[in-house]
Structure formats: structure tokens, C-alpha cells
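This is what each chain is made of:
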Amino acid sequence: MKKFLLYLFTLEKSPKKGLLVYEWVVMGYLVFTLALVLAQHSLLPNVDSMIKGRVSIAAITLAMWGVYRLVPCGFTYTARAVVQMSLLSWWYPDIFDLNRLMPNLDHLFAGWEQALFGCQPALLFSQVASHGVISELMCLGYYSYYPMMALVCLAVLYMHHESFERVIFIVIGTFFIHYIIFIFLPVVGPQFYYQAVGTEEIAKGVFPNLHDYFNHRQDRMACPGYADGVFYHLVEQAHQAGERPVAAFPSSHVSVCTVLMMITWHYGLRRLFWALVPIAVLLFLSTVYIRAHYAIDALAGLVSGALCWLLLAGVSRRLEGKAVAKSNRRKRAAR
């Protein structure tokens, strides 16, 4: 612990210059989506706030860089990551304003779900497993998403702080890859689609095309299960605060969870890995149980999470290799 505290509060002799790699990812996504906003400004209802939000995030990013340059230490270095991770919650509802311009595709995904499983797992799961204990376990798993993310990132910071930037890059990169998918693949998930169609029709295998219905209506089903449960209320509060009819396929919850599990294994955090396995299983099941996702969304999340890990871990290795080579050249030149 003493060594870690020294790392946090000892001024660095050779502070990092410029933006960190994950900050460049944020700025890249910001510019990409800003281009979309400007290209479709006449069709978007909140253009001014979307542009102002992006300007604010750019300013915050540069301000955090400035603070680090003034006081270059582990604490200000870590604060830059904390800020960008916190801003992910701002980017999520922003997706809805971009993808609402496209026709809804839930009728296709619900149909594929029916063809694959012969039923709608998101409709039946909570009915079959309706006990209050099961409901609370499922809500616990779903709500553990953000604490799990924080725990894994903090564990890497504590045990392998030299790899912290790389891990944050992988996590944030995974989010933004999925955000881009969500922009161009408008699937809202069962909690919105079932509410719009009606569960009786869904149970009969009727999956109508709702076109632009969710541009004007955002009603959703309440979470099923034990309504007086502690974790039930936490999940409902989270949904009421920021859930939008957007971002169902693939499940980013499952994908990010998969990436986090791979990070813990890769960095030798075996005790943490095995401690998180039950939570990861609950999280996977809970996405379908609370009707946030179709079962195919959750399965696709496993695949997309594995692919994001392979892609982003590979990119980060190359970037690290180039940085080390550049540093070695500078040292040789200084001699």
C-alpha cells in the first residue's frame, strides 16, 4: 500500500506528453459523431445541446490534461481516466438522438429469436423463475455492471499501474465500438418492443414492424420480479434515469463484462477472476431476465466482447511497442 501511495502522490520525472491513447479514442468518437450531427442537423431535435455537449467534453479533456501537466503524478493521471469513464454515461443517451432517424428493426430480431428458440426467452424467463430470491439475484447481477468495472480497473491500477492506460483504452474502446454499432443498428430490446406491441401478441408470435414508433413513444415495461427487492429498485432507478429505446444488439453489458473477465485473467488477477465468475453469469442471465435484451443479444455480446478484446489488446500492444521504441531512440540520442 505504501508503494502504491507513493506512486499516486510522487511527481513524475518524465510526465506523459499530449493526450493519452484512450483520450484520443474519445476525441475520435466525438469528431465522428459531430460529423453525423452536422450532416443530419435538419432532422435532429437537439442539435444545439448535442454540439454544446461535445464542446464541453473536449474542454474537460483538455482541462484534465492541463491539470496533469501542472501536477504530473499518479493521482492526476488516474483522474483523467476516471473522468472519461464517468462521461460514458453522457454518451449513452446521445446514441438515441442519432439512431432514431433509422427504422426500427426489432421485428426482425424478435422473429429470429422465435425461429432460434421457438419462444421468446425474455418473455418467459421471469415467468418461469418468478421467486423473489431469483429476482433479486438477477437484479444484483445486472446492477453489478458498473461496480465490477470499477473494481477491475482499480485492481489493475493497484497491481499493474504501468498497464492502467492500456486497460482503460480497451474498456473505453469497447464501449465506443458498441456505441457506433448502436447508432446504425436501431434495436430497442424487449422492454420497449414488447410494451409497444403487447405481450399477448408477442406470445402469439406476432412481431409487427413499428417503423419510427420509438421516435415519439418511449414507454417501457417495468422490470419483472420482486418489486419490493432492494436490487430491483436500484435497477429500476437506473433505467428511469438513463434508459432509452436504443442499444440492444449486441448487449454491451455482456460484451464489457466479457472484456473485464479477460482483463483479470490476462493480468493474473486469478482470485478476482474467480470471485467475479458468479457475478458475470448472473449478469449474462439478467440481461434477458429483466427484458433489457433478447437472448441473441446476450449471446452476441459474448462474441463481440471477445472480438473487442482481441482487437483492442492487439492495437494497444502495437502502440506500446512503438512508444518503447521511440523512448529508446531518445535515450540513445541523448547519449
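Preceding block: the structure.
Notes on the structure follow. (Residues numbered from 1 in each chain as written. Predicted model: local features only at pLDDT ≥ 70, side-chain atom pairs only at ≥ 80, totals over all residues. Heavy atoms only, no water.)

1. Considering the packing of aromatic side chains
Reasoning step 1: Scanning the entire structure with this criterion turns up 24 aromatic pairs.
Reasoning step 2: Between Y145 and F175, the ring centres sit 6.4 Å apart and the planes meet at 55 degrees, which makes this aromatic pair tilted. On the criterion of sequence distance, the pair formed by Y145 in helix α8 (residues 145-159) and F175 in helix α9 (residues 164-184) is long-range, its members being 30 residues apart. The two residues Y145 and F175 agree in class, both being buried.
Reasoning step 3: Among the aromatic residues, ring-to-ring pairing joins Y29, W90, W91, Y92, Y145, Y146, F175, F176 and Y179 into one connected group. (Phe/Tyr/Trp six-rings, centres within 6.5 Å; stacked < 30°, edge-to-face > 60°. Helix = DSSP H or I, 4+ residues; strand = E, 2+ residues; numbered from the N terminus. Buried < 20%, exposed > 50% of the residue type's maximum accessible area, 1.4 Å probe, protein only.)

2. Considerations on α9
Reasoning step 1: The first and last C-alpha atoms of α9 sit 31 Å apart over 21 residues, in line with the 30 Å expected at 1.5 Å per residue.
Reasoning step 2: With 17 of 21 residues buried, α9 lies mostly within the body of the structure. (Expected span 1.5 Å × (residues − 1).)

3. Remarks on unusual backbone geometry
Reasoning step 1: Residue P250 is reached from F249 by a cis peptide bond, and omega for that bond is -10 degrees.
Reasoning step 2: In this structure, H211 takes a positive phi of about 55 degrees despite not being glycine.
Reasoning step 3: Relative to the assigned elements, H211 resides in the loop between α11 (199-203) and α12 (230-242).
Reasoning step 4: Look at H211 and you get partly exposed, because its relative accessible area is 46%.
Reasoning step 5: Despite not being glycine, R291 has its phi angle at roughly 70 degrees, a positive value.
Reasoning step 6: Here R291 is to be found in the loop between α14 (270-289) and α15 (295-334).
Reasoning step 7: On the basis of relative accessibility, which here comes to 9%, the residue R291 falls in the buried class.

4. What to know about a nonpolar patch on the surface
Reasoning step 1: Together, L116, F117, L299, L302, V303, L307 and L310 line one region of the surface with nonpolar side chains, adding up to about 660 Å² of accessible area.
Reasoning step 2: Put simply, the parts of the chain that give the nonpolar patch at least two residues each are α5 (106-117) and α15.
Reasoning step 3: Ranked by residue count, the leading element in the nonpolar patch is α15, at five residues. (Patch = residues over 30% accessible without salt bridge, like charges linked within 9 Å, V, L, I, M, F, W, Y side chains within 5 Å. Areas by Shrake-Rupley, 256 points an atom, 1.4 Å probe, with all protein chains shown as cover. Salt bridge = Lys/Arg side-chain N within 4 Å of Asp/Glu carboxyl O.)

5. Let's talk about the environment of L11
Reasoning step 1: Structurally, the position occupied by L11 is in the loop between α1 (2-9) and α2 (21-39).
Reasoning step 2: Classification of L11 as exposed rests on a relative accessible area of 56%.
Reasoning step 3: Along the chain, L11 and P72 lie 61 residues apart, while their C-alpha atoms are 5.5 Å from each other.
Reasoning step 4: Excluding residues within four positions of it along the chain, L11 makes contact with V71, P72 and C73. (Contact = heavy atoms within 4.5 Å.)

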